[in-house]
Each structure stands twice: as structure tokens, then as C-alpha cells.
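Summary of structural features
Each chain is listed here by its residues.
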Amino acid sequence: MRNAMPYKPIGHRCLALNDFNPKRREHTIDVHGLRPSEALEKTEKALLELLKSGHSTLRVIVGKGLHSVNGQPVLKGAITAAMQRQKIPCEVDPKNTGVLIVELPKS
């Protein structure tokens, strides 16, 4: 029996996913590979920063769910549901189904 690898703390996974990505786009966060609660926390923090900066569009890379149980995406549903509860428009990027586009109302 193989020993299960313990999860790295959220900070290490976020650092690995975002900070060293040379193709990283502004106002885009990458949450795939995180647990739903971690992904929601990171998305909410990014939305607060977006509000402070005066921008209104956030791209959230959630992945397509290819490595999830039964190939069903988990993060896409969790973030979409959270945005719906908060009445924040959120839709799947038509160019990439592994990305959500979250639109904040313009002030």
C-alpha cells in the first residue's frame, strides 16, 4: 500500500500555481488543484482586490475536471454556486471551458 502524500499548505500550492507562471495574465487567478474551500477563499480575495483596483472582470482558472472523480469538475460548480448566491454574474469562458469569467458591477 502506498503512503498518501499529505496536502501542502494552501500558500505553497498557490505560489506554485501562480507566481512562477510566465504566461500569467493580469486579473486572472488559477485555483485548479485547490480544495473547493481554498478556491473560494482565493476567489473572494481576488474579487476584493479587483474592486479596490477599479477593474470589473476576473478570470478564474478552475480546470476542466479531467482529473476529478468521474471526470466531473468540482471547482467550477462550487465557484459558480457561490457567485450565484452573492448575485455576482459568472459564466464559463466560451473559448476555454476550464475558465470562469466573473463580472463585478461597474461603479
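The sections below set out a description of the structure shown in this document. It should be emphasised that the depicted structure is a prediction, and the values quoted were computed from it without experimental measurement. (Residues numbered from 1 in each chain as written. Predicted model: local features only at pLDDT ≥ 70, side-chain atom pairs only at ≥ 80, totals over all residues. Heavy atoms only, no water.)

**Digging into the overall build of the protein**
Along the protein, the regular secondary structure elements total three helices and four strands. For the protein, the sequential pattern of α-helices and β-strands runs α-β-α-β-α-β-β. A total of 107 residues make up the protein; the buried ones form 36% of that total. Here the analysis covers contacts within the protein between residues at least 6 apart in sequence; of these, 57% occur between residues at least 24 apart. When the accessible surface of the protein is totalled, it reaches about 7700 Å², and 57% of it is carbon and sulfur. (Helix = DSSP H or I, 4+ residues; strand = E, 2+ residues; numbered from the N terminus. Buried < 20%, exposed > 50% of the residue type's maximum accessible area, 1.4 Å probe, protein only. Contact = heavy atoms within 4.5 Å. Areas by Shrake-Rupley, 256 points an atom, 1.4 Å probe, with all protein chains shown as cover.)

**Considering the sheet that holds strand S2 (residues 57-61)**
Taken together, four strands build an open sheet; the order of strands is S1-S2-S4-S3 and the sheet is mixed. Looking at strand neighbours, the two that pair on one side only are strand S1 (28-30) and strand S3 (90-93), the edges of this open sheet. Averaged over neighbouring strand pairs, the angle between their axes works out to 25° when direction is ignored. Inspection of the sheet shows S1 paired to S2 by three bridges, in the parallel sense. Bridging across to S2, Ile-29 finds its partner in Val-60. The strands touched by helix H3 (residues 75-85) are S2, S3 and strand S4 (96-103); relative to S4, the strand with the most contacts, the crossing angle is about 20°. (Pairing = 2+ DSSP bridges. Axes fitted to C-alpha atoms, helices over the stretch in contact; angles between N-to-C directions.)

**Digging into the pairing of S4**
Moving residue by residue along a regular strand, the side chains alternate between the two faces of the sheet. Bridge count between S2 and S4: five bridges; the pairing is antiparallel. Among the inter-strand pairings, Ile-61 is bridged to a residue of S4, identified as Val-99. Adjacent in sequence and paired antiparallel, S3 and S4 are bridged by two residues.

**A word on the layout of surface pockets**
For the largest pocket, the calculated volume is near 320 Å³. In this structure, the largest pocket is lined by 16 residues; those nearest its centre are His-32, Gly-33, Val-62, Gly-65 and Ser-68. Looking at the lining of the largest pocket residue by residue, the class counts come to seven nonpolar, six polar and three charged. (1 Å grid on protein atoms, 1.4 Å probe; cavity = no way out; pocket = protein on both sides within 12 Å on 5 of 7 lines; lining within 4 Å. Points joined across faces, edges and corners; volume = space filled by probe spheres on them. Nonpolar A, V, L, I, M, F, W, Y, C, P; charged D, E, K, R; others polar.)

**Details of the environment of Ser-37**
Mapping Ser-37 onto the fold places it in helix H2 (residues 36-53). Separated by 42 residues in sequence, Ser-37 and Ile-79 have C-alpha atoms that sit 9.4 Å apart.

**Overview of H2**
Given 3.6 residues to a turn, an α-helix orients residues that are three or four positions apart in the same direction. In this model H2 runs 26 Å from its N-terminal to its C-terminal C-alpha over 18 residues, within 8% of the 26 Å that 1.5 Å per residue would give. Those residues of H2 not exposed but buried are Glu-38, Ala-39, Leu-40, Lys-42, Thr-43, Ala-46, Leu-47 and Leu-50. The positive-phi residue at the C-terminal boundary of H2 is Gly-54, with phi of around 85°. (Expected span 1.5 Å × (residues − 1).)

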